[in-house]
Amino acid sequence: RLVHLDLKGAAPCAQYLEQVLPLLRALGATGLLLEYEDTFPYTGPLELLQAPHAYSPAELRALLSRARAQGLDVVPLLPFPLQFVLKHREFAHLREVKALPNALNPHKEESLALVKAMIDQVMALHQDLQWFHIGCDEVYYLGEGEESKHWLQQQGNTPEKLCLSHIKAVATCLASSYPMVTPIVWDDMLRGMSEETLAESGVPQLVQPMIWDYAADIDVEGKVQLLEKYRRCGFSKVWFASAFKGATGVNQALTLIGHHLRNQLQWLQVASRSPADVLEGIALTGWQRYDHFSVLCELLPVAIPSLAVCLQALKNGGYSEKVKENVEKLLGMSNLEIDTFMSTSLGTFPGSNILTLVTQVSFYLKSSVDELLERNRYVTGWFSPYHRKRKIIHPIIMHHFQPDAVSLLSKWNAVVQDLQAAMEQVFHRCAIEEWMEENVHPSLQKLQQVVDDLDEA
């Protein structure tokens, strides 16, 4: 049971992750799937890939050694097709399609040299690895570059074969230098391929596919058949991938636990109908962005109750009142709600204060500001944008709502200040800035503007 930490946005500081590891272990995790992206401390020509908040080699070594001490396997994930690399001008010449940082040009020798250099640097910081996830999902636009078009015109060449040869090249790159490590790939590019195409490619002997589906109502029968198809093609082991967050809305702020719990329960059904010797494990994904360029979805501390429920359900083979009580005990929560967003959400787990404050903001900030500005008749009738712009204000009217506006602003400023302070314990400044600009500023600035206009009037 691997917990996926997607570090391509709002990456928690290393100390916070270290605090969370014992909890993950207690909840039933047996490993971590670490998707570093731009938070890995690359060196040499790759140094420019590092974000300002990248972990230092010392921080990573300490985190990895803490994970080992907790008995957690670590599986690094390098997300080929590498959007976070191809967005840089210095690597733009390696794009499959010149204008798009979506896929690596598989025909250039330099592409493979880049892959090898990245794998080598990640491997150098990790010890005793059993698996290495090489991504290979959603490789859009592969086959649309000039060299690929030329390659596809040759007899017998197809987009499927191009994709498989790319996967094979990356997997071979890993296997040739690190024969003890097994590559894992996301399975979405393989699903629609025929058994014959897959079997002939040689890919099944090189990698383990990770079948992913984050829906609350997955097609159990279809997944069992897919697993059997992969087995017939020659894949010796497969993985499943569920989700505990980051899969129900691109800008989701709160996690709906019920959706993710149902997703795990469906995967348990698939597992119960799969041959025992073919299933290697399951990764509980926790996406932080839908891709490298999208906004942030639920922050990790906000989703810990969901992760806890999901891990415990998988560990115990289902969800019951006893499992719920156990989760509440481990999180220090007394009111775990599954099918609604938790309106009060105090707990004692690391970062629980962030969940409490984010819940407050998500539930009440926009609605309270809208209530004042759009449904208060004094504001809509006598303090409209037209009036404010021309400063045509009746003094008596202002007294009807100015105290409410000032008090609301001061209340929210205090909450936001607390949230800022709580987030500073866990996140880098740029993550806090982004979350605030997306989730707080639109409403707070509107309210501030009204108070400023009232003062001026």
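Quick caveat: nothing in here was measured; it's all calculated off a predicted structure.

## Points about the packing of helix H12 (residues 352-375) against helix H17 (residues 441-456)
Between H12 and H17, the least distance of the axes is 9 Å, while the angle of their chain directions is 35°. As for how H12 packs across H17, the hand of that crossing is left-handed. From H12, Leu365, Lys366, Val369, Asp370, Leu372, Leu373 and Glu374 reach across to H17, where they touch Ser443, Leu444, Lys446, Leu447 and Val450. Taken together, the residues of the contact of H12 with H17 sort by class into seven nonpolar, one polar and four charged.

## Topic: the domain arrangement of the chain
Along its sequence, the chain is organised into domain 1 (2-338) and domain 2 (353-456). Of note, the centres of domain 1 and domain 2, computed from C-alpha atoms alone, are 39 Å apart. Taken residue by residue, the interface counts 18 residues in domain 1 and 17 residues in domain 2. Interface area for domain 1 against domain 2, summed over the two sides, is near 1,400 Å², with a carbon-plus-sulfur share of 76%. Connecting domain 1 to domain 2 are one salt bridge. Note that Arg289 is salt-bridged to Glu434, the shortest N-O span being 2.8 Å. Inspection of the region where domain 1 meets domain 2 yields two residue pairs in polar contact (both at pLDDT 80 or more). The leading source of residues in the side of domain 1 that touches domain 2 is helix H10 (residues 300-316), at three residues. Here the side of domain 1 that touches domain 2 is composed, by residue class, of 15 nonpolar, two polar and one charged.

## A word on a nonpolar patch on the surface
Taken together, the side chains of Phe341, Phe363 and Tyr364 define a hydrophobic patch exposed on the protein surface, amounting to about 250 Å² of accessible area. Note on placement: Tyr364 falls in helix H12.

## Considerations on the pattern of salt bridges
One pass over the full model with this rule turns up 21 salt bridges. A salt bridge links Glu147 to Lys108; the shortest N-O distance between them is 3.4 Å. Here Lys108 lies in the loop between strand E5 (100-104) and helix H4 (109-125) and Glu147 lies in helix H5 (residues 146-152), a separation of 39 residues in the sequence. The partly exposed category is assigned to Glu147, whose relative accessible area is 37%. The class of Lys108 is partly exposed, set by a relative accessible area of 28%. Salt-bridge contacts for Lys149 lead to Glu146; the nearest nitrogen and oxygen are separated by 3.9 Å. Note that Lys149 and Glu146 are positioned in helix H5 at a spacing of three residues, about one turn of the helix. Take Lys149: its relative accessible area is 40%, and that puts it in the partly exposed class. Taken together, the shared-partner salt bridges connect Lys366, Asp370, Glu374 and Lys446 into one network.

## Points about unusual backbone geometry
Here Ala10, not a glycine, exhibits a phi torsion of approximately 45°, which is positive. Residue placement: Ala10 occurs in the loop between strand E1 (2-6) and helix H1 (14-27). Taking relative accessible area as the criterion, Ala10 reaches 6% and is therefore assigned buried. Phi is positive for Cys136, which is not a glycine, with a value near 70°. With respect to the helices and strands, Cys136 occurs in the loop between strand E6 (131-133) and H5.

## A look at the pairing of strand E10 (residues 279-286)
Of all eight residues that make up E10, six are buried, and the element is covered over most of its length. In the sheet, E1 pairs with E10 via two bridges, with the strands oriented parallel. Its bridge partner being in E10, Val3 is matched across the sheet by Leu284. Remark: the strand E9 (residues 238-245)/helix H9 (residues 257-272)/E10 crossover connection has right-handed handedness.

## What to know about helix H6 (residues 159-177)
End to end, H6 covers 28 Å across 19 residues, agreeing with the expected 27 Å (1.5 Å per residue, within 8%). The complete set of buried residues in H6 reads Leu162, Cys163, Leu164, His166, Ile167, Val170, Ala171, Cys173 and Leu174. Residues of H6 that are buried sit in contact with E5, H4, E6, H5, strand E7 (182-186) and helix H7 (195-201).

So, how was this worked out
- As a convention, each chain's residues are numbered from 1 in the sequence order in which they are written.
- Whole-chain, interface and lining totals are the exception, using all residues; otherwise, since this is a predicted model, local features are given only for residues with pLDDT of at least 70 and side-chain atom pairs are given and counted only at 80 or more.
- Side-chain descriptors were evaluated using all non-hydrogen atoms of the structure, hydrogens and water having been removed beforehand.
- Interaxial angle, 0 to 180 degrees, is taken between N-to-C directions of lines fitted to C-alpha atoms, where a helix line uses only the stretch in contact.
- By definition, any uninterrupted DSSP run of H or I lasting at least four residues is a helix, any uninterrupted run of E lasting at least two residues is a strand, and each is numbered from the N terminus.
- Handedness of a helix crossing follows the sense of rotation of the near helix relative to the far helix, less than a right angle counterclockwise being left-handed and clockwise being right-handed.
- In this description, contact between two residues means that some pair of their heavy atoms is separated by no more than 4.5 Å.
- Under the grouping applied here, Gly and all other residues not named as nonpolar or charged are polar, the nonpolar ones being Ala, Val, Leu, Ile, Met, Phe, Trp, Tyr, Cys and Pro and the charged ones Asp, Glu, Lys and Arg.
- The source of the domain bounds is an automatic or database domain assignment.
- The term buried area denotes the loss of accessible surface (1.4 Å probe radius) that occurs when two parts are joined, taken as the sum for both partners.
- One side-chain nitrogen of Lys or Arg within 4 Å of one carboxyl oxygen of Asp or Glu is enough to make a salt bridge.
- We call two N or O atoms a polar contact when they sit within 3.5 Å, provided that within protein one can donate a hydrogen and the other can accept it, with sequence-adjacent residues counted only if both atoms are side-chain atoms.
- Distance thresholds for patches are 9 Å for like charges and 5 Å for nonpolar side chains (Val, Leu, Ile, Met, Phe, Trp, Tyr), applied to residues having over 30% relative accessible area and no salt bridge.
- Only the protein chains shown count as cover for residues, and all accessible areas are computed by the Shrake-Rupley method using a 1.4 Å probe.
- Each residue is assigned to one of three classes by its accessible area relative to the maximum for its type, calculated with a 1.4 Å probe on protein chains only: buried under 20%, partly exposed between the two thresholds, exposed over 50%.
- Two strands make a pair as long as DSSP finds a minimum of two bridges between them.
- Handedness of a crossover is defined as follows: with both strands directed away from the viewer, a clockwise route from the first strand across the helix to the second makes it right-handed.
- Working rule for helices: expected span equals 1.5 Å times residues minus one.

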